[in-house]
Amino acid sequence: MTPLLAHSPQTALNTSELPPEAKNGTTKRMNLFQAINDAMATALAEDENVLVFGEDVAFGGVFRCTMRLAENFGSDRVFNTPLTEQGIMGFGIGLAAEGMRPIAEIQFADYVYPAFDQLVNEAAKYRYREGKTGRSAGGLTVRMPCGGVGHGALYHSQSPESLFTHIPGLRVIMPRSPLQAKGLLLSAIRSNDPCVFMEPKVLYRAAVEQVPTSQYTLPLSKAEILKPGENVTIISYGQPLYTCHAALKKAEEDLGISVELIDLRTVYPWDKETVFKSVRKTGRCMVVHESMINAGIGAEVSAAIQGDAETFLRLEAPVSRVAGWSIHMPLMFEKFNIPDVASKY
């Protein structure tokens, strides 16, 4: 039973970042896709400017994240689109520019590339381009399942988050759990910046915990220290946090060390203050992610750590990265490409 999930109502309600109304409310046992569904239902109920659309979303979507939303909120607010990612994104940008809060679903992150031009050249640049007119695509939220599941191979296992972190104007978010997913997704929907919300699909059913039933948000671009430690800092996000925790538990038992574990949550713009403060304390750092190692989140985080003079002077060793190989995701050997307990230990 991992301590990274809230297995009891009291644990969930004691989450420090919850507002008082959520802390004083009730919880419900949810998996990740149910929590995402709950967040979208909350947003649709409270704001008539929220729309949900994408391929098969009216039927619940391939991962069931949009189940019953069309039934409860009507086909004019929750609807299917043609199989055109570029069209989905362009439509969402147009809606956001007119003051709506669209939630566009890309069925798999692997399919987002036809929409990349729209995200990079329109959504991310809209506010800068418009200047004092005040128009932007800030109401846009783009959801997409990402990561490996053991059998997705080339076109259903990609983790392209680092591609979006190179683009000023976007926020890129990846939750680790149902409680986090609900709060972070509601923050993304309400944000006035276009947000790319990436959902580790292996956790849709695997991650189950108690989630507050009332509406709440969690801060964007704010990391969370999941476990304090003194000798080494491990930084990660999404699914690898669970294997990170298993690895550090084993390392602490075998080596007698104390490990600090940090969840970035938002990978761009990421929380440098929390990371730098931790590394200055421990003097050692490892960055872990599932996506390939070259030009990944770990490269940016490690460069920033070693580029900050005060933090660099406190390092006892170079920052290390544990990530996927610089290869396409293989079908038979997917599990060997994704970092596991042994590689982190």
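This report concerns the structure included in the present document. Please read all numbers here as calculations on a predicted model, not as lab measurements. (Residues numbered from 1 in each chain as written. Predicted model: local features only at pLDDT ≥ 70, side-chain atom pairs only at ≥ 80, totals over all residues. Heavy atoms only, no water.)

**Here's the deal with the overall build of the protein chain**
Threshold: Per the convention used, a helix needs a DSSP run of H or I reaching at least four residues, while a strand needs a run of E reaching at least two, with both numbered from the N terminus. Restricting the calculation to C-alpha atoms gives the radius of gyration, and the globule rule supplies 2.2 Å times the number of residues raised to the power 0.38. For the exposure calls, accessible area comes from a 1.4 Å probe over protein chains only, and a residue counts as buried if that area is under 20% of its type's maximum, exposed if over 50%, partly exposed in between. Contact definition: two residues touch when any of their heavy atoms are within 4.5 Å. What sets the accessible areas is the Shrake-Rupley method with a 1.4 Å probe; for residues, cover comes only from the shown protein chains. When charges are counted, Lys and Arg contribute as positive and Asp and Glu as negative, whereas His and the chain ends are disregarded. A charged residue contributes its charge at one atom only: NZ of Lys, CZ of Arg, CG of Asp or CD of Glu.
The helix and strand tally for the protein chain stands at 16 helices and 14 strands. For the protein chain, the C-alpha radius of gyration of 20 Å lies close to 20 Å, the compact-globule estimate for 345 residues. If you line up the protein chain on its principal axes, its C-alpha atoms span 60 × 45 × 45 Å. Expressed as a percentage of the 345 residues in the protein chain, the buried residues total 57%. Here the contacts in the protein chain between residues at least 6 apart in sequence split such that 81% fall between residues at least 24 apart. Working note: accessible area of the protein chain is about 14,700 Å², and carbon and sulfur atoms make up 55% of it. Placing the 33 positive and 37 negative side-chain charges of the protein chain at their respective mean positions leaves the two points 3 Å apart.

**Some thoughts on the sheet that holds strand E4 (residues 101-105)**
Short version of the rule: Pairing between strands is defined by DSSP: at least two bridges between them are needed. Only the stretch in contact is used when fitting a helix axis, every axis being a line fitted to C-alpha atoms; angles between N-to-C directions are given from 0 to 180 degrees.
Taken together, seven strands build an open sheet; the order of strands is E3-E2-E4-E5-E7-E6-E12 and the sheet is mixed. Every other strand in the sheet has two partners, leaving strand E3 (78-80) and strand E12 (266-268) as the edge strands with one partner each. Pairs of neighbouring strands in the sheet enclose a mean axial angle of 20°, with direction left out of account. Pairing between strand E5 (residues 141-146) and strand E7 (residues 195-200): six bridges, direction parallel.

**So, the environment of Phe108**
On the secondary structure map, Phe108 appears in the loop between E4 and helix H6 (116-123). Using a relative accessible area of 11% as the deciding quantity, one classes Phe108 as buried. As a C-alpha pair, Phe108 and Pro178 span 70 residues in sequence and 19 Å in three-dimensional space. In this view, Phe108 contacts Val62, Phe63, Pro145, His156 and Lys201; residues no more than four positions away in its chain are not counted.

**Here we look at the packing of aromatic side chains**
Selection rule: Two rings from Phe, Tyr or Trp (for Trp, the six-membered ring) form a pair when their centres sit within 6.5 Å of each other. Planes less than 30 degrees apart are called stacked, planes more than 60 degrees apart edge-to-face, and all others tilted. Charge-over-ring contacts are defined here by two conditions on Lys NZ or Arg CZ: a distance within 6 Å of the ring centre and an angle within 35 degrees of the ring normal.
In total, this model carries nine aromatic pairs according to the counting rule given. Seen from their ring centres, Phe53 and Phe91 are 5.0 Å apart, and the 65° between their planes marks the pair as edge-to-face. Pair noted here: Phe53 is in strand E2 (residues 50-54) and Phe91 is in helix H5 (residues 85-97), with a separation of 38 residues, a long-range link. You can call Phe53 buried: its relative accessible area is 0%. Taken together, Phe63, Phe108, Tyr111 and Tyr204 form an aromatic cluster joined through their ring pairs. Over the aromatic face of Tyr126 sits the side chain of Arg129, whose NZ or CZ is 4.5 Å from the ring centroid.

**Observations regarding H5**
Rules: Each residue after the first adds 1.5 Å to the expected span of a helix.
Under the 1.5 Å per step criterion, the end-to-end length of H5 is 18 Å for 13 residues, consistent within 8% with the ideal 18 Å. Along H5, the residues classified as buried are Glu85, Ile88, Met89, Gly92, Ile93, Leu95, Ala96 and Ala97. In this structure, the buried side of H5 is in contact with E2, E4, H6, helix H7 (126-130) and E5. Among the residues trailing H5, Gly99 stands out with phi positive, at a value near 95°.

**Side note on the sheet that holds strand E13 (residues 285-292)**
Spatially, the five strands line up as an open sheet ordered E9-E11-E10-E13-E14, and their pairing is mixed. In the strand order of this sheet, the two ends are held by strand E9 (224-227) and strand E14 (320-324), each with one partner. In this sheet, neighbouring strand axes are inclined to one another by 25° on average, regardless of whether the strands run parallel or antiparallel. Both strand E10 (residues 232-236) and strand E11 (residues 259-263) contribute to a ladder of five bridges, which runs parallel. In the strand pairing of E11, Ile235 is matched with Ile262.

**A closer look at the side chain of Asn337**
Mapped onto the elements of the fold, Asn337 is located in helix H15 (residues 334-337). Excluding anything up to four places from it in sequence, Asn337 contacts Ala323, Gly324, Trp325, Ile327, Met329 and Pro330.

**A few points about the packing of helix H3 (residues 32-46) against helix H9 (residues 178-190)**
We count it as follows: By the definition used in this description, the sense in which the near helix is turned from the far one sets the handedness, with an anticlockwise turn below a right angle giving left-handed and a clockwise turn giving right-handed. For this classification, Asp, Glu, Lys and Arg are treated as charged, while Ala, Val, Leu, Ile, Met, Phe, Trp, Tyr, Cys and Pro are nonpolar and the rest, including Gly, are polar.
Between H3 and H9, the least distance of the axes is 8 Å, while the angle of their chain directions is 30°. The element H3 and its partner H9 pack so that their crossing is right-handed. Residues Leu32, Ala35, Ile36, Asp38, Ala39, Met40, Thr42, Ala43 and Glu46 of H3 form the contact with H9, whose participating residues are Pro178, Ala181, Lys182, Leu185, Leu186, Ile189 and Arg190. When grouped by side-chain class, the residues that make up the contact of H3 with H9 number eleven nonpolar, one polar and four charged.

**Looking at the pattern of salt bridges**
Convention followed: When a carboxyl oxygen of Asp or Glu lies within 4 Å of a side-chain nitrogen of Lys or Arg, that pair is called a salt bridge.
This model, assessed by the stated rule, comprises 20 salt bridges. With a shortest N-O distance of 2.6 Å, Glu199 and Arg143 are connected by a salt bridge. You can see Glu199 sitting in strand E7 and its partner Arg143 sitting in strand E5, a full 56 residues away along the chain. With relative accessibility at 1%, the residue Arg143 sits in the buried group.

**A word on a nonpolar patch on the surface**
Selection rule: Residues enter patches when their relative accessible area tops 30% and they take part in no salt bridge; the joining distance is 9 Å for like charges and 5 Å for the nonpolar side chains Val, Leu, Ile, Met, Phe, Trp and Tyr.
Together, Met332, Phe333 and Phe336 make up a nonpolar patch on the protein surface, roughly 400 Å² of accessible area in all. Its location among the elements puts Phe333 in the loop between E14 and H15. We classify Phe333 as partly exposed; its relative accessible area is 46%.

From the geometry alone we can't say anything about function, so treat these as descriptive.
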